[in-house]
Amino acid sequence: MLPRLSLLLASLWFAPMTFAASPVPTLLSAADVRFRYEGRFDCTNPQQPVIIWSGSRVSVDFEGGHLALVFGAGSDQSVFNVTVDGVTEIADIRTAGARYAWPQPLGPGRHHLEIFKRSEAAKGHVAFSGIELAAGAQAWEPPVPAYKLKMEFFGDSITAGACNEDGAEDQWTDFRTHNHALSYAFLASQALAADHRAVAVSGMGIRIGYVDVQAGQAWDRVYPRADSPRADLAAWQPDVAFVNFGENDDSFTAGHNLPFPPDWVPGYVALVRGIRAAYPHAQIVLLRGGMTGGARSERLRAAWEAAVHELETGDANIAHYVFAHYSKLHPRVSDDRAMAEELTTWLKQQAFMTKFL
């Protein structure tokens, strides 16, 4: 019996071992019609739409226990809130071809994904390639959001939410702490159940600032550059458009012992009239404040009031609001919340908002 047992053991020892191959994840291409895109994107290549502006959103519903976001070419740093079923993680994308795997367990059933760009356009953009799902998992178009109106904000760092999660000092090396989702602009849009867009560039002025591009050169572009192709503004028209500029014109000239730009008023008026030409039916709200210059600078106040008077005299659908709350540094989240509450309260009192409330 012993030799036979030895032969049996030997045959078991040398028997070939086989393993089941792991199922290959399914890539849901960014061009799939089940994705919902909200914002101003570069869709030149539908397989790789470029996510550019802060507040841009991509959403889809899916099933299965696996999720990863896949990105293509990009520049600098793009930071996203990635939210699945109300749970949010941060994706910090700095390299082309990056892949972000969702770190939380996914149970059975249908899940909702939203990708929200929290960092601003001038600090980085990236192409979106799609998402990886478990092999054979289904995906669905997400439910249509119950928006009551559409709101678009044009501005600088105050509107972008720059530095709002920083500590005692503003910092400009890591944009994970620059969170548009907690900016006054997005918070006000949320409070009013509005479909939100933002075109905001830190350092940008009407005539001069800390970046080369001026507001009149960037507000209607796909990218925050004067040489960028123009966006298709007819595709999405806001009900209310907000304009908040002047802080950089004031602080840059003051810091360099220069006079306030003498052609600021015609530059501001031309910008707003350009917005009016693109959005003939929108209510336009001219904003001032949020930081020291907008709140305290007499030369900015005088120029802004002159521009507002000229614009409101010729257009019954232009109004203005000056923030009482302001910050010496860039507004932090608490400042953004105070500004959003101010603006929301004022808007609810305006006759043009009645139909949206």
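Calculation criteria
- Residues numbered from 1 in each chain as written.
- Predicted model: local features only at pLDDT ≥ 70, side-chain atom pairs only at ≥ 80, totals over all residues.
- Heavy atoms only, no water.
- Helix = DSSP H or I, 4+ residues; strand = E, 2+ residues; numbered from the N terminus.
- Buried < 20%, exposed > 50% of the residue type's maximum accessible area, 1.4 Å probe, protein only.
- Contact = heavy atoms within 4.5 Å.
- Areas by Shrake-Rupley, 256 points an atom, 1.4 Å probe, with all protein chains shown as cover.
- Phe/Tyr/Trp six-rings, centres within 6.5 Å; stacked < 30°, edge-to-face > 60°.
- Lys NZ or Arg CZ within 6 Å of the ring centre and 35° of its normal.
- Core = buried A, V, L, I, M, F, W, Y, C linked by side-chain atoms within 4.5 Å.

Draft legend 1. Highlighting the overall build of the protein. Within the protein, the regular secondary structure consists of nine helices and 16 strands. By its C-alpha atoms, the protein is 110 × 45 × 35 Å across when sized along the principal axes. The proportion of buried residues among the 357 residues of the protein is 54%. A separation threshold of at least 6 residues defines the contact pool for the protein, and within that pool the share at least 24 residues apart is 74%. With the model as given, the accessible surface of the protein reaches about 16300 Å², and the carbon-plus-sulfur share is 57%.

Draft legend 2. The packing of aromatic side chains, seen in detail. If you walk through the whole model with that rule in mind, you get 16 aromatic pairs. Ring geometry for Phe-71 against Phe-80: centres 5.5 Å apart, planes inclined by 20°, an arrangement best described as stacked. For Phe-80, a relative accessible area of 0% puts it in the buried group. Both rings, one in Tyr-210 and one in Phe-252, keep their centres 5.2 Å apart while their planes meet at 80°; by these two values the pair is edge-to-face. A residue pair is termed long-range when its members are at least 10 positions apart, and Tyr-210 in the loop between β13 (194-200) and α4 (215-218) and Phe-252 in helix α5 (residues 247-255) qualify at 42 residues. Through pairs of rings, three or more aromatic residues link up here, namely Phe-153, Tyr-184, Phe-242, Tyr-321, Phe-323, Trp-346 and Phe-352. Of note, Lys-150 hangs over the ring of Trp-236, and the distance from its end group to the ring centre comes to 5.8 Å.

Draft legend 3. Geometry of the nonpolar core. Judged by nonpolar contacts, the single largest core of 40 residues is most densely connected at Trp-264, Tyr-268, Ile-275 and Leu-286. Among the secondary structure elements, those contributing two or more residues to this core are α4, β14 (240-244), α6 (264-278), β15 (283-288) and α8 (298-314). Per element, the largest residue contribution to this core is seven residues, and it comes from α6. Among all residues touching Trp-264, those that are not within four sequence positions of it are Ile-206, Arg-207, Phe-245, Gly-246, Asp-249, Leu-300, Ala-303, Trp-304 and Ala-307. Membership of the second largest hydrophobic core comes to 28 residues, among which are Val-58, Val-82, Ile-115 and Ala-139.

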